[in-house]
Amino acid sequence: MLAQLTVRHPAWSKFVEFLLPERDLTAFLLEDYDDLTTFNEHVRRQKGWRVNALVISKSKQPFRAPKQIDAYRHLGFQHYISELVDAPETVLNYLCHQYKVHQIPVGDERSKELVERIVETCPEMRRFFTASDLYSISKSRYSGRTVSRCKQVPPAKWLTGAANRDAVRDKQDQLQKVRAEMDQLKERVGLKQKQLRDVQRLREESAAQRKALAEKRSSHSKLQSDIDMEERKLSHLESMDVDLDAEKRALAQAIAKVNDGRVAAVAALTDTFQKLDGVCLRKMQAEMGMDLWKKLAHDGEVRAAAFREEMNKLKVSTTTPPSTAP
């Protein structure tokens, strides 16, 4: 039952808890007797647990107070016990039927001062609470006298958590607000992280560009250095005093020397060919007839004359120095 009751104000918890026995407060609530039988079989007999269970059902008629609480406000009463708690309808019906919570008002310090007046003027009020006590009014069967008994109400022990549910709800609302703020902060952090990643990407691209520029600058410096070196070489060459006539004569002598070598090589080759021709002629004379030999000899003389003419031209070209540009 504790899980089903919510006291609307912490100060009222002690009245509700004092009126209801601990056995009922800690009992499990069931809707019919079949459920109770199943519950007892499983929990008490099989598990061996010592727990209480109550069968509560919806009442066919609502429970109403004998008088509106406004009729007792001048005596210091502000609420009935049934008005101090929030609970399911079946639970409230059980409390009204079993403990008459809809007929027990709760007063304040003024009610405590007016106890005698309350007893005299409100005979329908059999029990009521003051700020700190529970008064029970009864009439003696023998003398007919009205007897009142007073019990001090101790602090609440079980319903303190239920009484603080409003505070819990407030904290839960605050928690929801904090979570909403956290979600907003997370969203902002995510946006900042994205911006940071973009900045880092731009920094990396900038670093790559700076590296490429540095490489180009280094290459440009190397090329400029090479150009400067070539310019120095060119300047050095231009500053040198070169004797072109002497260079031409030296070049002509070198060419003549090469041509003399070529002529000597051709003369040696010609002599070798003549010797081979003599050997071949003697061999061919022995193997061929005179007519054929004469024809071959004539062809050989023609070819030899052409070869000697070519050799004479070559000798002439080697002895003439090459022309040079002015």
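All of these numbers come straight from a predicted model, not from anything done at the bench. (Residues numbered from 1 in each chain as written. Predicted model: local features only at pLDDT ≥ 70, side-chain atom pairs only at ≥ 80, totals over all residues. Heavy atoms only, no water.)

**A look at the overall build of the protein chain**
Let me state the cut-off plainly: In this text, helices come from DSSP runs of H or I with a minimum length of four residues, and strands from runs of E with a minimum of two, each type numbered from the N-terminal end. The rule is simple: take the accessible area with a 1.4 Å probe, protein chains only, and divide by the maximum for that residue type; under 20% is buried, over 50% is exposed, in between is partly exposed. In what follows, residue pairs with any heavy atoms lying within 4.5 Å of each other are defined as contacts. Accessible surface area values rest on a Shrake-Rupley calculation with a 1.4 Å probe, where residue burial reflects the displayed protein chains alone.
Counting secondary structure elements, the protein chain contains 10 helices and nine strands. In the protein chain, which comprises 326 residues, the proportion classed as buried is 21%. Intrachain contacts of the protein chain at a sequence separation of at least 6 include 63% that bridge at least 24 residues. Surface summary for the protein chain: the accessible area is close to 24,500 Å², and the carbon and sulfur share equals 54%.

**Brief notes about the pattern of salt bridges**
Let me state the cut-off plainly: Any Lys or Arg side-chain nitrogen found within 4 Å of a carboxyl oxygen on Asp or Glu counts as a salt bridge.
Under the counting rule described, the total for this entry stands at eight salt bridges. Asp 198 serves as the salt-bridge partner of Lys 194, at 3.5 Å between the closest nitrogen and oxygen. With Lys 194 and Asp 198 both in helix 8 (residues 165-239), this residue pair falls four residues apart, about one helical turn. For Asp 198, a relative accessible area of 28% puts it in the partly exposed group.

**Considerations on the nonpolar core**
Rules: Side-chain atoms within 4.5 Å link the members of a nonpolar core, which is a set of buried Ala, Val, Leu, Ile, Met, Phe, Trp, Tyr and Cys residues.
Of all hydrophobic cores here, the largest spans 26 residues; its most connected members are Met 1, Leu 5, Leu 20, Ile 81, Leu 95 and Phe 129. Counting only elements with at least two residues in this core, the list comes to helix 1 (13-19) and helix 4 (89-99). Among the elements that make up this core, the one with the highest residue count is helix 4 (five residues). Dropping the residues within four chain positions of it, Leu 20 is found in contact with Met 1, Leu 5, Leu 25, Leu 95 and Tyr 99. Among the nonpolar cores identified, the runner-up in size contains 12 residues, and Leu 75, Phe 77, Tyr 80 and Cys 122 belong to it.

**Details of the confidence of the model for the protein chain**
How we decide: Each residue carries a pLDDT score, the predictor's own confidence in it, on a scale running from 0 to 100.
Per-residue confidence for the protein chain averages 80 on the pLDDT scale, and 85% of its residues sit at or above 70. Least confident of the elements in the protein chain is helix 7 (residues 160-163), whose mean pLDDT is 58; most confident is strand 6 (residues 105-106), at 92. Counted against residues more than four places away or in other chains, residues 321-326, with its pLDDT under 50, gives five contacts.

**Observations concerning the packing of aromatic side chains**
For the record, the criterion: Only rings of Phe, Tyr and Trp enter the pairing, Trp through its six-membered ring, and a pair is recorded when the two centres are within 6.5 Å. The plane angle decides the type: under 30 degrees is stacked, over 60 is edge-to-face, the rest tilted.
Going through the model one piece at a time under the given rule, you end up with six aromatic pairs. On the basis of an interplanar angle of 45° and a centroid distance of 5.3 Å, the ring pair of Phe 28 and Phe 39 is categorised as tilted. Of this pair, Phe 28 sits in strand 2 (residues 28-30) while Phe 39 sits in helix 3 (residues 33-46), placing them 11 residues apart in sequence. With relative accessibility at 43%, the residue Phe 28 sits in the partly exposed group.

**What to know about helix 3**
Where we set the bar: The span you would expect from a helix comes to 1.5 Å times its residue count less one. Fitting axes to the seven residues ending at a residue and to the seven starting there, one defines the bend at that residue as the angle between these axes.
Given a rise of 1.5 Å per residue, 14 residues ought to cover 20 Å, and the 18 Å separating the end C-alpha atoms of helix 3 matches this to within 8%. Of all the bends in helix 3, the largest measures some 25° and sits at Asn 40. Tucked into the core, helix 3 has its buried residues touching strand 2 and strand 3 (53-55). Remark: Gly 48 follows helix 3 within two positions and exhibits a positive phi of approximately 75°.

**A few points about the pairing of strand 9 (residues 146-152)**
To be explicit about the condition: DSSP bridges decide pairing: two strands pair if at least two such bridges lie between them.
Alignment of strand 8 (residues 133-139) against strand 9, held across seven bridges, turns out to be antiparallel. From the neighbouring strand, Tyr 135 faces strand 9, where its bridge partner is Cys 150.

**Focus on helix 4**
All of the buried residues in helix 4 are Val 91, Asn 93, Tyr 94, Leu 95, Cys 96 and Tyr 99. On the buried face of helix 4, the contacting elements are helix 1, helix 2 (22-25), strand 2, strand 3 and strand 7 (127-129). Lys 100 sits one or two positions beyond helix 4 and adopts a positive phi of about 55°.

**Describing the side chain of His 102**
Defined as follows: The term polar contact refers here to a pair of N or O atoms within 3.5 Å; inside protein, the definition further demands a hydrogen-donor-capable atom paired with an acceptor-capable atom, and it admits residues adjacent in sequence only when both atoms are side-chain atoms.
Counting through the fold element by element, His 102 comes out in the loop between helix 4 and strand 6. Exposure remark for His 102: the relative accessible area of 5% places this residue in the buried category. There is a polar contact of 3.3 Å between the side chain of His 102 and the side chain of Gln 103. When residues no more than four places from it in sequence are discounted, the contact partners of His 102 are Phe 63, Arg 64, Ala 65, Pro 66, Tyr 80, Ser 82 and Cys 96.

**Quick notes on the side chain of Asn 52**
By secondary structure assignment, the location of Asn 52 is in the loop between helix 3 and strand 3. With relative accessibility at 18%, the residue Asn 52 sits in the buried group. Among the polar contacts listed, one links the side chain of Asn 52 to the side chain of Arg 23, at a separation of 3.3 Å. Dropping the residues within four chain positions of it, Asn 52 is found in contact with Arg 23, Thr 26, Ala 27, Phe 28 and Arg 44.

**Quick word on a negative patch on the surface**
Stated formally: Residues enter a patch when their relative accessible area is above 30% and they make no salt bridge; the linking distance is 9 Å between like charges and 5 Å between nonpolar side chains (Val, Leu, Ile, Met, Phe, Trp, Tyr). Note on charges: Lys and Arg go in the positive column, Asp and Glu in the negative column, and His and the chain ends are not counted at all. Taken as the charge centre is NZ of Lys, CZ of Arg, CG of Asp or CD of Glu, depending on the residue.
Taken together, the side chains of Glu 31, Asp 32, Asp 34 and Asp 35 present a region of like negative charge at the surface. Relative to the helices and strands, Asp 34 is located in helix 3. On the basis of relative accessibility, which here comes to 61%, the residue Asp 34 falls in the exposed class.

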